[in-house]
Amino acid sequence: MSAPDAPRRGRIRRGLLIAIGSSLVVATLVVAWIGFGQVFAALARIGWRGLAVLAAWSVLPIALLGSAWFCLEKPWRAADWGRYVWARMVRDASGELLPFSHVGGFFIGARAATLQGLSAPWAFASTVVDVTAELVAQIGFTAVGVILLLTRLDAGSARDGLVGASLAGLAITAVAAAAFIGLQRRGMGLILALARRFLPAAAAGAAETGAMIADLHARPARFSLAVGAHLAAWIASALGPWLALRAAGIEIGPLAIVGLESLVMAVRSAAFVAPMGIGVQEASYALLGPLFGLGPEVALAVSLIKRARDILIGLPVLFVWQGLEGRRLIARRG
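Owing to the predicted nature of the structure, the values given are computational and were not obtained by experimental measurement. (Residues numbered from 1 in each chain as written. Predicted model: local features only at pLDDT ≥ 70, side-chain atom pairs only at ≥ 80, totals over all residues. Heavy atoms only, no water.)

**Looking at the environment of Val 53**
Defined as follows: Counting from the N terminus, the helices are DSSP H or I runs at least four residues long and the strands are E runs at least two residues long. Two residues form a contact once any of their heavy atoms are found within 4.5 Å.
Within the secondary structure, Val 53 is located in helix H2 (residues 36-57). If we skip the residues at most four places from it in the chain, Val 53 touches Leu 243, Ala 244 and Ala 247.

So this is what it looks like as structure tokens:
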């Protein structure tokens, strides 16, 4: 580490610790506002059975997410499908469990793909376009949530405020998607700067990476397939909490939980800089849950069960990924 880099990295660490600490305070305040006893009672009601159902169901959205990434490959090689699924699992596990935003998870997922034999330029280029496809799919998913919210609210100032906020969020997501696509088409400076830190091999072949991204955007059929797979994954993921609640004997319609999940995920995406979405996710569930017929304590319990699911699945994934990284490092030194 060079001398000028040390103070900068120290500031980054301090900023990260402050962000995590602030997020934990927000999450704790949300639980306290609802009532620790009520939240823990709701959590106990969902229990291990609900967690097991949610974890088992997660196989489907994980497969769909890996398939969406795989859709971008040309030509399709059946043997590569599992590589994309695994790399996507690493991407999500790092974004949910490691102390930085989802942006870092994107690059770690691309790095995991290179450990599976994919070239660094392709892993990085396809990750960028896959993230774009997911963002486009989320616009449709969020629109579904806004429509479902409209059907549940009575006329009045509160309704108008929520509708306005929802539409504003949808517009921001659409603008962000358009800006991200424009960034890919006009210049990759910022993205490549991040890649130099997390995936230097891809940044070293910047011209090749840029050409691959342009080629991927020139194949709308593949991109559309990826968007469709991502939309299916969003919906499948939303149905997981519904099944967990059903297993616990808590009645709520599937459309209601889809609407709730779509808006909570939209808020989390907008606050992507929050480490692990701590605080943001909890507050979103507590505030939006009652609008879809779910008590705030049960909605917050759903958030906590989802975090438990992420730990149950994500920790083994990260341990295996670190083992593969270590093996590659040993091979290089040997």
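Having seen the structure, we can now continue with the description.
**What to know about the pattern of salt bridges**
Test applied: The working definition used for a salt bridge is a side-chain nitrogen of Lys or Arg within 4 Å of a carboxyl oxygen of Asp or Glu. The buried label goes to any residue with under 20% of its type's maximum accessible area, the exposed label to any with over 50%, and the partly exposed label to all in between, with areas taken from a 1.4 Å probe on protein chains only.
Evaluated as defined, the whole model comprises 14 salt bridges. For Arg 77, the salt bridge is made with Asp 80, and the minimal N-O distance between the two is 2.8 Å. For Arg 77, a relative accessible area of 41% puts it in the partly exposed group. With relative accessibility at 4%, the residue Asp 80 sits in the buried group. Counted as one network, the salt bridges with shared partners bring together Arg 88, Arg 91, Asp 92, Asp 130 and Glu 134.

**Things to note about helix H4 (residues 81-97)**
Applicable threshold: Helix span, as expected, comes to 1.5 Å for every residue beyond the first.
Under the 1.5 Å per step criterion, the end-to-end length of H4 is 24 Å for 17 residues, consistent within 8% with the ideal 24 Å. Here H4 has its buried residues at Tyr 84, Val 85, Trp 86, Ala 87, Arg 88, Val 90, Arg 91, Ala 93, Ser 94, Gly 95 and Glu 96.

**What to know about the nonpolar core**
To keep things clear, this is the line we draw: Here, nonpolar core means buried Ala, Val, Leu, Ile, Met, Phe, Trp, Tyr and Cys residues that are tied together by side-chain atoms lying within 4.5 Å of each other.
Within the largest apolar cluster, 67 residues are counted, with the highest numbers of intra-cluster contacts made by Ile 46, Leu 245, Leu 260 and Leu 294. When neighbours within four sequence positions are excluded, Leu 245 is seen to be in contact with Ile 46, Ile 250, Ile 252, Ile 257, Leu 294, Val 298 and Val 302. Grouped together as the second largest cluster of nonpolar side chains are six residues, Val 30, Ile 34, Val 39 and Leu 300 included.

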